[in-house]
Amino acid sequence: MSNLEPKKLNFNIDNFEGCENGKIIEYERQQAEIKKQADYEKYKNSGVPDKFFESSLDTYIAETEEEKRNLAMVKDFAQDPKNRILLLCGNNGNGKSHLLSGIIRECGGEYITSSQLCVEYEAATSYHSKRTREEILRHYSKVSLLVIDECGKYTVNEKLEQFILAYIFSARYENDLATGAATNAEKKTFLEFLGKSVFDRCTEVCTTLDFTGPSKRQERRII
């Protein structure tokens, strides 16, 4: 069982014996546990990959001044993400996916990679697809909080990725919805990839964090 998973509870306030104030306290405790269970179920279905399922903002190890500053900015975003874009740019192996997963654990919402988005969109013409292409774009444009990881990596069809990301970023901006994204490209290169109009909108509400350190994957390697 995951460390996040709460115990299954079977509440019945009528069975609780005690004074009226005691019943109120117990009821509030029960409601808090029920909410915890509901939040866990949402998190399980958020799309966060197994590798980062236990990740949180508190488990991110910030060693350098850059990492400490970036972590503080991510926590600030998680406190009040409405109508904000958080863009994590830079080198592989610096914990960008960890931080995006931590945001979903903290705030709720959905996690998806840019490649997964493109594959889902392309597969929508299949007879077995559960959603049309229009429905896919509408869904990701209206999720309360969306994080898109590994932007700029769908080498199969760069134009398709450019169209999908530009559409979703623009629609979410119009809908005053929070968006997090990570890319290995520099900010200017990535925003130019999205297009001039999206670039202009993003600069209004976008916070960009640069990750310039070397990859830490080698030191985390399990031998």
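Here the structure is a predicted model, which is why all the values come from computation and not from measurement.

Student: I'm lost on the overall build of the protein in this one. Help?
Tutor: Helix and strand content of the protein: nine helices and five strands. Counting helices and strands in the order they occur from the N terminus, the protein gives α-α-β-α-β-α-α-β-α-β-α-α-β-α. Out of the 223 residues belonging to the protein, those deemed buried represent 43%. Relative to all contacts within the protein whose residues are 6 or more apart in sequence, the contacts with residues 24 or more apart total 75%. Summed over its atoms, the accessible surface of the protein is roughly 13300 Å², and 48% of this surface lies on carbon and sulfur atoms.

Student: How should the nonpolar core be read in this particular structure?
Tutor: Side chains of a nonpolar character, in soluble globular proteins, are inclined to be buried together. Of all hydrophobic cores here, the largest spans 31 residues; its most connected members are Ile148, Leu165, Phe169, Phe190 and Leu194. Mapped onto this core, the elements with two or more residues apiece are strand S1 (85–90), helix H4 (114–123), helix H5 (133–142), strand S3 (145–151), helix H6 (158–174), helix H7 (187–194) and helix H8 (196–205). Beyond its immediate stretch of four places on either side in the chain, Leu194 contacts Leu165, Ala166, Phe169 and Cys202. The next biggest cluster of nonpolar side chains, apart from the first, holds 21 residues, and it includes Phe77, Leu86, Ile103 and Leu145.

Student: So what exactly am I meant to see when it comes to the environment of Leu87 here?
Tutor: Tracing the sequence through the fold places Leu87 in strand S1. Spatially, the C-alpha atom of Leu87 lies 9.6 Å from that of Val147, the residues being 60 residues apart in sequence. Filtering out sequence-adjacent residues up to four positions away, Leu87 remains in contact with Ala181, Thr183, Lys187, Phe190, Leu191, Cys206, Thr207, Thr208 and Leu209.

Student: Explain the environment of Ala78 to me, please; I cannot follow it from the model alone.
Tutor: Relative to the elements of secondary structure, Ala78 occurs in helix H2 (residues 65–79). Among the residues examined, Ala78 registers a relative accessible area of 10% and is labelled buried. When the C-alpha positions of Ala78 and Gly108 are compared, they lie 9.9 Å apart, and in sequence the two are 30 residues distant. If we ignore the near neighbours within four places in the chain, the residues touching Ala78 are Leu57, Glu106 and Cys107.

Student: Looking at this structure, how should I read the packing of H4 against H5?
Tutor: At a minimum axis distance of 8 Å, the contact between H4 and H5 shows a crossing angle of 150°. If you check the angle between H4 and H5, you find them roughly antiparallel. Crossing geometry of H4 relative to H5 is assigned as right-handed. Listed contacts from H5 to Leu117, Glu120, Tyr121 and Glu122 of H4 are Arg133, Ile136, Leu137 and Tyr140. Residues that form the contact of H4 with H5 fall into these classes: five nonpolar, no polar and three charged.

Student: So what exactly am I meant to see when it comes to the side chain of Thr183 here?
Tutor: Here Thr183 lies in strand S4 (residues 178–183). Judged by relative accessible area, Thr183 falls into the buried class, the value being 3%. With residues near it in sequence (within four places) discarded, Thr183 still touches Leu87, Leu88, Cys89, Gly90, Lys96, Cys151 and Phe190.

Student: So what exactly am I meant to see when it comes to H7 here?
Tutor: The periodicity of an α-helix, 3.6 residues per turn, causes residues three or four places apart in sequence to face the same way. When we look at burial in H7, the residues that qualify are Phe190, Leu191, Phe193 and Leu194. Seen from one end, H7 has its buried residues packed into an arc of 150°, which puts them on one side. Taken from the residues just after H7, Gly195 is the one with a positive phi, measuring 115°.

Calculation notes
- Residues numbered from 1 in each chain as written.
- Predicted model: local features only at pLDDT ≥ 70, side-chain atom pairs only at ≥ 80, totals over all residues.
- Heavy atoms only, no water.
- Helix = DSSP H or I, 4+ residues; strand = E, 2+ residues; numbered from the N terminus.
- Buried < 20%, exposed > 50% of the residue type's maximum accessible area, 1.4 Å probe, protein only.
- Contact = heavy atoms within 4.5 Å.
- Areas by Shrake-Rupley, 256 points an atom, 1.4 Å probe, with all protein chains shown as cover.
- Core = buried A, V, L, I, M, F, W, Y, C linked by side-chain atoms within 4.5 Å.
- Axes fitted to C-alpha atoms, helices over the stretch in contact; angles between N-to-C directions.
- Parallel < 35°, antiparallel > 145°, perpendicular 65-115°, else oblique.
- Left-handed = near helix turned anticlockwise from the far one by under 90°.
- Nonpolar A, V, L, I, M, F, W, Y, C, P; charged D, E, K, R; others polar.
- Arc of directions from axis to C-beta.

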